[in-house]
Amino acid sequence: VVPPAWPAAQPPAGMSLPAVPPGRMFARAALAYRGGAWDEERTFVIGSILVRHPAGNLLFDAGFGANVDAHFKTTPLIAQWLSRYQKGQPAGQQLKAAGVPLKAVVLTHAHWDHVSGLADLPGVPVWLHAQEQAFVASGDAATALARTLGTASYTALAFDSGPYMGFATSKDVFGDGSVVLVPARSIVEASSSD
């Protein structure tokens, strides 16, 4: 199978993609990926990516927030026993100090380490896939923190921009091809078809 060719990149002047690292997680490899060892610890940057665009700034995932100590306690006990974290400066504080307003936060998924920082970004719209929004609403324990942070600001993305790079649907956020979101397969879909 020949992969599709990448479209020519023509980002607008002034667009940038800085990392916003609000902390680190140290977890057993067995908890992090299939085939990982229980006796091996891995370090994961729990961060966010800021897309600075002339038409508005997007933050991909919110990382750890100022209340990360309380938020970590919402995770399953096994995760608390076998993981630890190191705080950094929350993304919301970093963005406020730099005077960077946000158009929205785009959640890749609603686990605690991706949503903790939403508490520091009041009033900012939160975009996520409709399937993930339904997962949050389902009451699953993995999304407990996402529900307590207030789902009123959560908006399901409409993938209404047509096919893109082999994906049946997409969302061209700014209409200029510089930020195109696609719905990735869920873990449930991937494991049932493997």
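Residues numbered from 1 in each chain as written. Predicted model: local features only at pLDDT ≥ 70, side-chain atom pairs only at ≥ 80, totals over all residues. Heavy atoms only, no water.

### Brief notes about a nonpolar patch on the surface
Using the following cut-off: Patches here: salt-bridge-free residues with over 30% relative accessible area, like charges joined within 9 Å, nonpolar side chains (Val, Leu, Ile, Met, Phe, Trp, Tyr) joined within 5 Å. The accessible surface values rely on the Shrake-Rupley method and a 1.4 Å probe; as for residues, cover is taken only from the protein chains in view. When a carboxyl oxygen of Asp or Glu is within 4 Å of a side-chain nitrogen of Lys or Arg, the pair counts as a salt bridge. Elements are defined by DSSP. Helices are runs of H or I of four residues or more, strands are runs of E of two residues or more, and each kind is numbered from the N terminus. The buried label applies to any residue whose accessible area, calculated with a 1.4 Å probe on protein chains only, is under 20% of its type's maximum; exposed applies above 50%, and partly exposed to all values in between.
Together, Leu31, Trp38, Leu77, Ile78 and Trp81 make up an exposed nonpolar region whose accessible area comes to about 600 Å². Considering each element in turn, the nonpolar patch owes the most residues, three residues, to helix 3 (residues 77-82). Given a relative accessible area of 45%, Ile78 falls into the partly exposed group.

### Topic: helix 4 (residues 91-98)
Basically, it comes down to this: By construction, the arc corresponds to the directions joining the helix axis to the C-beta atoms. Contacts are assigned to residue pairs that have any heavy atoms within 4.5 Å of one another.
Those residues of helix 4 lying buried are Ala91, Gly92 and Leu95. Along the axis of helix 4, the buried positions cluster into a sector of 100°, meaning they face one direction only. The inward-facing, buried residues of helix 4 abut strand 1 (19-20), strand 4 (48-51) and strand 5 (58-60). Following helix 4 by one or two positions, Gly99 has its phi on the positive side, about 70°.

### Here's the deal with the pattern of salt bridges
Applying the stated rule across the entire model yields four salt bridges. For Lys87, the salt bridge identified is with Asp69, shortest N-O distance 2.7 Å. Of this pair, Lys87 sits in strand 6 (residues 83-87) while Asp69 sits in helix 2 (residues 68-72), and the two are 18 residues apart along the sequence. Residue classification places Lys87 among the partly exposed residues on the basis of a relative accessible area of 49%. Asp69 sits in the partly exposed class, given a relative accessible area of 35%. One salt bridge connects Asp160 with Lys171, and the closest N-O pair in it is separated by 3.4 Å. Placement of Asp160 in the loop between strand 9 (154-156) and strand 10 (171-172) and of Lys171 in strand 10 is noted, with a sequence separation of eleven residues between them.

### Examining the packing of aromatic side chains
As a reminder of what qualifies: Stacked, tilted and edge-to-face pairs are distinguished by plane angle, under 30 degrees for stacked and over 60 for edge-to-face with tilted covering the rest, among Phe, Tyr and Trp rings (Trp via its six-membered ring) whose centres lie within 6.5 Å. Any Lys NZ or Arg CZ that is within 6 Å of a ring centre and within 35 degrees of that ring's normal is treated as a charge sitting over the ring.
On inspection of all chains with the given rule, the structure shows five aromatic pairs. The interplanar angle of 55° and the centroid separation of 5.4 Å between the aromatic rings of Phe72 and Trp112 together place this pair among those described as tilted. On the criterion of sequence distance, the pair formed by Phe72 in helix 2 and Trp112 in helix 5 (residues 112-115) is long-range, its members being 40 residues apart. Judged by relative accessible area, Trp112 falls into the buried class, the value being 10%. Seen from their ring centres, Tyr85 and Trp112 are 6.5 Å apart, and the 70° between their planes marks the pair as edge-to-face. With Tyr85 in strand 6 and Trp112 in helix 5, this pair connects stretches of sequence that are 27 residues apart. In this structure an aromatic cluster arises from ring pairing among Phe64, Phe72, Tyr85 and Trp112. Lying across the ring of Phe26, Arg84 places its NZ or CZ 4.2 Å from the centre.

### What about the environment of Leu157?
Secondary-structure assignment places Leu157 in the loop between strand 9 and strand 10. Through-space distance from the C-alpha of Leu157 to that of Ser170 is 9.7 Å; in sequence the pair is 13 residues apart.

### Thoughts on the side chain of Asp61
For the record, the criterion: Residues counted as positive are Lys and Arg, residues counted as negative are Asp and Glu, and His and the chain ends are not counted. Polar contacts, as counted here, are pairs of nitrogen or oxygen atoms within 3.5 Å of one another; within protein the pair requires one atom able to donate a hydrogen and one able to accept it, and residues that are adjacent in sequence qualify only if both atoms are side-chain atoms.
For Asp61, the position within the fold is in the loop between strand 5 and helix 2. This buried residue, Asp61, is left without a salt bridge; Arg147 holds the nearest opposite charge, at 16 Å. There is a polar contact of 2.8 Å between the side chain of Asp61 and the side chain of Thr108. Among residues more than four places away in sequence, those in contact with Asp61 are Gly47, Ser48, Val105, Val106, Leu107, Thr108, His109 and His114.

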